[in-house]
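Analysis of the macromolecular model
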Amino acid sequence: MRQIAALPYRATPSGAVSVLLVTSRESKRWVVPKGNQGGADSPHAAAALEAEEEAGVRGAICPIPLGQYRYRKRRKTGASLWFDVDVYPLAVSQELSEWKEAGERTRRWFSLSEAADMVEEADLANLIRSFNAAEFSKAAKRNTIISVVAQKSKVGPMFAWFQRLLPKTGNFFELFEAHSRSVVAGADALGRLFRDGGARAEHIREINEREQDADNIIRETLQTVRRTFLTPFDRGAITSLIGRMDDAIDEMQSAANAVDLYDITDFEPEMADMVGIAIDSARVLAEAIPLLRDISANGGRLHELTERLVRMESHADEVHRAGLKSAYRSHSTEAGGAMAFTVKREIYKHLERIVDSFEDIANEIDGLVIDHA
């Protein structure tokens, strides 16, 4: 027996992630919104519908499941059967004041650790803990090489005078993390743009502003590379990584400007799916970047995250091809269809490049792990 579920989440400007749980109708225990696929066109679309009906939230859903968990459910016949549930991340952008099952359920936001403790299914708890887990932020230590040597050799403050004599090593990690926050914010705004045509101008403006913020960060990074004596990685690796990150938000801006140029208000389902992949890719990036502070300790987790980015890019290629084929078929016989198809192909091109940029980022991070872990 198979079901689908949504994992509604949101992130604060500081990067902390919280998830939304609801109570079940009968036992009132905390669960994620879930159900059967029913008549929905796709599993992730069904998961988004469950989130709206059970939890009263809407947002961009990633068409690639985060993972799976299993639980037993008692049927009306008395049989207790296993259900395997695929869980899809849902970036929440709207909370409804009224929804279908508002009178039957309670909804509440939890931190990741709190949510993992509240659910009964062990597999689901592990899935939630792995979702941008707070413990990995703690693992991303800010220690310098000298302080690590001092701690391990137990000489502590004896190195303080020597440390003060060292040339500055730059604030590269802070710059990486600030840029990743701009990418996440840009992806969230892109998700709202492709879902809320009424406030299109505001979403496009935010994406452009986020891109400008990212440009300021990359300029500071390049200046810091030039004036810094000691760098945590090879200088070429630093500029390459921040450059690939900048490619992602540049393509978000290009997609938004194309939407504005061609005055598009209706988007294909495949476009929404690709935007959902971009949003979840940005979330994965936001977890991966702080882990670069201690690659030796976090190499395994970094590999898991980059592997997910690569898998999502591969899936996005399939969505891209399906979207182009659908657009061609729908416009091939109508008057003015060639122009309509050309416009949609332009949008798809930028969406594909966004996801491709995240794969390039994954490759850069994998290179750092190989060199430094």
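Our subject is the structure that appears above.
This report concerns the structure included in the present document. This is a predicted model, so every value here is computed, not measured. (Residues numbered from 1 in each chain as written. Predicted model: local features only at pLDDT ≥ 70, side-chain atom pairs only at ≥ 80, totals over all residues. Heavy atoms only, no water.)

Some points on the packing of helix 7 (residues 172-193) against helix 8 (residues 200-227)
Axis separation between helix 7 and helix 8 bottoms out at 9 Å; the angle between their running directions is 165 degrees. What the angle tells us is that helix 7 and helix 8 run roughly antiparallel. Like other packed secondary-structure pairs, helix 7 and helix 8 cross with a definite hand, here left-handed. Here the contact of helix 7 with helix 8 is composed, by residue class, of twelve nonpolar, six polar and six charged. (Axes fitted to C-alpha atoms, helices over the stretch in contact; angles between N-to-C directions. Helix = DSSP H or I, 4+ residues; strand = E, 2+ residues; numbered from the N terminus. Parallel < 35°, antiparallel > 145°, perpendicular 65-115°, else oblique. Left-handed = near helix turned anticlockwise from the far one by under 90°. Nonpolar A, V, L, I, M, F, W, Y, C, P; charged D, E, K, R; others polar.)

Comments concerning the environment of Ser332
Along the chain, the position of Ser332 falls in the loop between helix 11 (295-331) and helix 12 (337-372). Residue Ser332 is classed as partly exposed on the basis of its relative accessible area of 41%. Within the structure, the side chain of Ser332 is placed 3.4 Å from the backbone oxygen of Arg329, a separation counted as a polar contact. (Buried < 20%, exposed > 50% of the residue type's maximum accessible area, 1.4 Å probe, protein only. Polar contact = N/O pair within 3.5 Å; in protein donor to acceptor, adjacent residues only side chain to side chain.)

Comments concerning the packing of aromatic side chains
What the rule picks out here adds up to seven aromatic pairs. Pairing Trp30 with Phe110 gives two aromatic rings, centres 5.1 Å apart and planes at 80 degrees, and the pair type is edge-to-face. Of this pair, Trp30 sits in strand 3 (residues 30-31) while Phe110 sits in strand 8 (residues 107-111), placing them 80 residues apart in sequence. Taken as a pair, Trp30 and Phe110 share a single burial class, namely buried. A centroid spacing of 5.8 Å and a plane angle of 75 degrees characterise the contact between Tyr328 and Phe341, whose relative ring orientation is edge-to-face. One end of the pair, Tyr328, is in helix 11; the other, Phe341, is in helix 12, with 13 residues separating them in the sequence. Members of the aromatic cluster, joined through ring pairs, are Tyr69, Tyr71 and Phe83. For Lys34, the ring lying beneath its charged end belongs to Tyr71, and the centroid distance is 5.0 Å. Above the plane of the ring of Trp82 lies Arg70, whose end atom (NZ or CZ) is 5.3 Å from the centre. (Phe/Tyr/Trp six-rings, centres within 6.5 Å; stacked < 30°, edge-to-face > 60°. Lys NZ or Arg CZ within 6 Å of the ring centre and 35° of its normal.)

What to know about helix 11
What sets the pattern is the α-helix's 3.6 residues per turn: residues three or four places apart point alike. Taking 1.5 Å per residue as the helical rise, helix 11 with its 37 residues ought to reach 54 Å, and the 50 Å between its terminal C-alpha atoms agrees with that figure. At Arg301, helix 11 shows its largest kink, close to 40 degrees. (Expected span 1.5 Å × (residues − 1). Bend = angle between axes of the 7 residues up to and from the residue.)

Quick word on the nonpolar core
Ranked by size, the top nonpolar core spans 93 residues in total, and within it Leu190, Phe194, Leu292, Leu351 and Phe358 carry the most contacts. Here the element with the most residues in this core is helix 12; it accounts for 13 residues. Setting aside its immediate chain neighbours within four residues, Phe358 contacts Val183, Ala248, Met252, Ala278, Ser281, Ala282, Leu285 and Leu309. Membership of the second largest hydrophobic core comes to 15 residues, among which are Val22, Ala46, Ile61 and Tyr88. (Core = buried A, V, L, I, M, F, W, Y, C linked by side-chain atoms within 4.5 Å. Contact = heavy atoms within 4.5 Å.)

Thoughts on the environment of Tyr9
Within the fold, Tyr9 resides in strand 1 (residues 2-11). Excluding residues within four positions of it along the chain, Tyr9 makes contact with Val17, Ser18, Val19, Pro89, Leu90, Ala91, Val92, Trp109, Phe131, Ile279, Asp280 and Arg283.

Regarding unusual backbone geometry
In the Ramachandran plot, Lys28 falls in the positive-phi region, its phi being about 65 degrees despite a non-glycine side chain. Take Lys28: its relative accessible area is 44%, and that puts it in the partly exposed class. Notably, Asp263 is not glycine yet its phi reads approximately 55 degrees, a positive angle. For Asp263, the location among the structural elements is in the loop between helix 9 (235-261) and helix 10 (269-291).

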